Amino acid sequence: MRRPVAIVTALVLFGEAVGIVLINAVLATVAENQNMSLAGLDPDAMSTGTWVMGGVSGLLLVLCGLIALLAGARDRAPGRFGRIVLIGCAVVHGVLGAVTVGLVGWGAFAFMMLVLALLVLTLLAYGPGTRAEDGVSDGVSDGVSDGAGPAAARTA
């Protein structure tokens, strides 16, 4: 079940990346066309900053999507860097979900929580100690010993 979850997470993150870039493109165009300023800031700086923020946010979401896609395609846990990136993405989605409920509404909150749930499920499914060949966690003992203790693991 973890491979489809990771692949769906990647696809949702790719779609979200496109949406974020489009939203920021609209905001930058509006700020530029209306010659808007906020507290005396240069309107061109606001437009450029919005374009840059949209591009960087989109690239980060694509990076998170690629990490989840590679984990699903290889059926292996992401490395340390990949886990850190996915955890950061999950934290950002949690915080933004709390903000969007007041600013945008419950629909946006539900979407952010869906993405957060997919990220957390992907991280838990590919947690430390999982094996790709049988999907059993190494950290859980079922009481059955095969004789391979720490000494046998060092000599193997």
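The coordinates are above.
Throughout what follows, the structure given in this document is the object of discussion. (Residues numbered from 1 in each chain as written. Predicted model: local features only at pLDDT ≥ 70, side-chain atom pairs only at ≥ 80, totals over all residues. Heavy atoms only, no water.)

Moving on, we get to the pattern of salt bridges. Applying the stated criterion across every chain, the model contains one salt bridge. Residue Arg-2 is joined to Asp-75 by a salt bridge in which the shortest nitrogen-to-oxygen separation is 3.1 Å. Of this pair, Arg-2 sits in helix α1 (residues 2-33) while Asp-75 is found in the loop between α2 (43-74) and α3 (80-103), placing the two residues 73 residues apart along the sequence. As far as the burial class goes, Arg-2 and Asp-75 line up, both buried. (Salt bridge = Lys/Arg side-chain N within 4 Å of Asp/Glu carboxyl O. Helix = DSSP H or I, 4+ residues; strand = E, 2+ residues; numbered from the N terminus. Buried < 20%, exposed > 50% of the residue type's maximum accessible area, 1.4 Å probe, protein only.)

Moving on, we come to the state of the cysteines. Taken as a whole, this structure holds zero disulfides when the rule is applied. Between Cys-64, a free cysteine, and Cys-89, which holds the nearest cysteine sulfur, the sulfur-to-sulfur gap is 3.6 Å. In this structure Cys-64 comes out as buried when scored by relative accessible area, which is 5%. Taking the relative accessible area as the measure of exposure, Cys-89 reaches 7% and is therefore buried. (Disulfide = S-S within 2.5 Å.)

Attention shifts here to the environment of Ala-17. When you line up the elements, Ala-17 lands in helix α1. Beyond its immediate stretch of four places on either side in the chain, Ala-17 contacts Gly-58, Leu-61 and Val-62. (Contact = heavy atoms within 4.5 Å.)

A few words on the nonpolar core. In terms of nonpolar packing, the biggest core is built from 13 residues, with Leu-13, Leu-61, Cys-64, Leu-86, Cys-89 and Leu-119 touching the most fellow members. Among the secondary structure elements, those contributing two or more residues to this core are α1, α2, α3 and α4 (106-125). If we skip the residues at most four places from it in the chain, Cys-89 touches Leu-13, Leu-61, Cys-64 and Leu-119. (Core = buried A, V, L, I, M, F, W, Y, C linked by side-chain atoms within 4.5 Å.)

Looking now at the packing of aromatic side chains. The final tally for this structure, using the stated rule, is one aromatic pair. Plain terms: the ring middles of Trp-106 and Phe-109 are 5.4 Å apart, the flat faces sit at 85 degrees to each other, and that makes the pair edge-to-face. Here the residue Trp-106 and the residue Phe-109 both occupy positions in helix α4, the gap between them amounting to three residues, near one helical turn. (Phe/Tyr/Trp six-rings, centres within 6.5 Å; stacked < 30°, edge-to-face > 60°.)

Examined against the element boundaries, Glu-32 turns out to sit in helix α1. When its relative accessible area of 48% is taken as the criterion, Glu-32 is described as partly exposed.

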